[in-house]
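Each chain is listed here by its residues.
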Amino acid sequence: MKTKQDLRKEMKETLLSIDRVTLNKWSQEITEQVLSLPEWVNAKTIGITISGEYEVNTKYLIEKAWESKKRVAVPKCHSKTKTMTFREITSYSQLEVVYFGLQEPIEDRTQEVLHNEMDVLFAPGLCFVTNGYRLGHGGGYYDRYLTEYGGNTVSLAFPEQLVEELPVEAFDIPVQKIVTNTKVIIADD
């Protein structure tokens, strides 16, 4: 089995090789799939990242959440402790660009949203297997956060991001559903 580092490198190259128009179209189709999920329909508060350049574009979902009066919480990473907290944003102007070009909430312009206030958490990743395990960017922030989070978990993925196998470690926590542009995968161990 390939190492996590090799898988990350290969997936980034694969995603960067797909044209922007296709990725954008897939992101819109993934958004449409999510809008019909009971986890989304019933959610009052969602936890979601601000996507990077080759990830499923989460801005569509964030805007749909605002339109339907859902609270939107985005993560703020604390690199010293390797932990993250979620903070409510009501506009993109409450974001700032931090390391690696990531956008995070500005702490003095946002309020913290606690684990138990989020009805659904969208966990990002680079690679996914159908049993719900994901390979993230390597910081371990989400695995640490998920140990304390008891709500619904969903990941958004382009078809290319589904792989046959991943190295799984004891601290890895699977998500309950993976949504692609063509299907909703209900994870089962």
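Now for a quick tour of the structure. The structure presented is a predicted model; accordingly, all values stated were derived computationally and were not measured.

A few words on the state of the cysteines. The final tally for this structure, using the stated rule, is zero disulfides. Considering cysteine sulfurs only, C127 is the nearest to C77, which forms no disulfide, with 19 Å between them. The exposure class assigned to C77 is buried, which follows from its relative accessible area of 17%.

Moving on to the pairing of strand β2 (residues 71–78). Across the eight residues of β2, six count as buried, placing the element largely inside the fold. Taken together, the three bridges between strand β1 (residues 45–47) and β2 define a ladder with parallel strand orientation. Following the sheet pairing, G47 is matched in β2 by A73. Handedness of the crossover joining β1 and β2 through helix α4 (residues 59–67): right-handed. The pairing of β2 with strand β3 (residues 83–89) spans seven bridges and is antiparallel. By the bridge assignment for β3, V74 is matched with R87. Between β2 and β3, which pair antiparallel one after the other, the connecting turn spans four residues, and K82 there sits at a positive phi close to 55°.

What counts, and at which threshold
- Residues numbered from 1 in each chain as written.
- Predicted model: local features only at pLDDT ≥ 70, side-chain atom pairs only at ≥ 80, totals over all residues.
- Heavy atoms only, no water.
- Disulfide = S-S within 2.5 Å.
- Buried < 20%, exposed > 50% of the residue type's maximum accessible area, 1.4 Å probe, protein only.
- Helix = DSSP H or I, 4+ residues; strand = E, 2+ residues; numbered from the N terminus.
- Pairing = 2+ DSSP bridges.
- Right-handed = clockwise from strand over helix to strand, strands pointing away.

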